[in-house]
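Chain by chain, the residues run as shown.
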Amino acid sequence: GNVPPEVIGIIVVFTALRMVAQMLIQVYLQLGLTMFLLRLTRGERPEITEIFRGGRFLWRGLGANILMTLIVIVGFFLLIIPGIIVALMLAPFMYYLVDQNCGAIDSLKGAARITKGNLLAQFVLGLVGAGIMLLGLLALCIGSIFAMPLIMVMQAFAYLGMAGQLAPRRSA
């Protein structure tokens, strides 16, 4: 029959709280993973515990994540293509935020600045990543265990390249 309004209210509140907690955990881990990937792609030896050290960036990362999501949604409402362009422009915001230790808005501005002139490369990287993930999924989904880390390392290298931080390797 009919569900009492107070029960619906409780369900709505708990659902909202779960969503907020989930977003906080996701952003926290993504920030730590971003720190790990930046160190790894710079040739350093990060420790796995780095993934759990994103706390100092949490509120800025959460703010940037929410802003980017809203901007991309608006872009998609403007006939999809603008949404894709904005998503490509802002994609490396998390790397920029962690690398430059900046605020939410500055991370979005910085991401837009470094992707200027690199949108086609960003698009191709996205297509390559999607292809790699598809191959991983076709391999009985087990391949995605290997595909996702490869894609994340590719994205970190792309960030360093766009940010002008890729140094040539010195021969020994």
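Residues numbered from 1 in each chain as written. Predicted model: local features only at pLDDT ≥ 70, side-chain atom pairs only at ≥ 80, totals over all residues. Heavy atoms only, no water.

**Notes on the pattern of salt bridges**
Tallied over the entire structure, the rule returns 4 salt bridges. With its nearest N and O atoms 2.7 Å apart, the salt bridge here joins Arg39 to Glu44. Arg42 is paired through a salt bridge with Asp99; the nearest N and O atoms lie 2.5 Å apart. A residue pair is termed long-range when its members are at least 10 positions apart, and Arg42 in the loop between helix 1 (5-41) and helix 2 (58-77) and Asp99 in helix 4 (residues 93-100) qualify at 57 residues. Judged by its relative accessible area of 35%, Arg42 is partly exposed. What you see here is one network of salt bridges that share partners, running through Arg39, Glu44, Glu50 and Arg53. (Salt bridge = Lys/Arg side-chain N within 4 Å of Asp/Glu carboxyl O. Helix = DSSP H or I, 4+ residues; strand = E, 2+ residues; numbered from the N terminus. Buried < 20%, exposed > 50% of the residue type's maximum accessible area, 1.4 Å probe, protein only.)

**Let's talk about the nonpolar core**
With 32 residues, the main nonpolar core has Leu31, Leu37, Phe93, Val98 and Tyr159 as its most contacted residues. When contributions to this core are tallied by element, the ones reaching two or more residues are helix 1, helix 2, helix 3 (81-90), helix 4, helix 5 (104-115) and helix 7 (144-162). Considering each element in turn, this core owes the most residues, 7 residues, to helix 1. If sequence neighbours within four positions are ignored, Tyr159 has contacts with Leu38, Pro92, Tyr95, Tyr96, Asp99, Gln100, Ile114 and Gln165. (Core = buried A, V, L, I, M, F, W, Y, C linked by side-chain atoms within 4.5 Å. Contact = heavy atoms within 4.5 Å.)

**Comments concerning a nonpolar patch on the surface**
A surface patch of nonpolar side chains, about 880 Å² in accessible area, is lined by Phe76, Ile80, Ile81, Ile84, Ile85, Leu120, Phe123, Val124, Leu127 and Val128. Put simply, the parts of the chain that give the nonpolar patch at least two residues each are helix 3 and helix 6 (119-138). In this fold, Ile85 is placed in helix 3. On the basis of relative accessible area, Ile85 is assigned to the partly exposed category, the value being 38%. (Patch = residues over 30% accessible without salt bridge, like charges linked within 9 Å, V, L, I, M, F, W, Y side chains within 5 Å. Areas by Shrake-Rupley, 256 points an atom, 1.4 Å probe, with all protein chains shown as cover.)

Treat this as a map of the structure, not an account of what it does.
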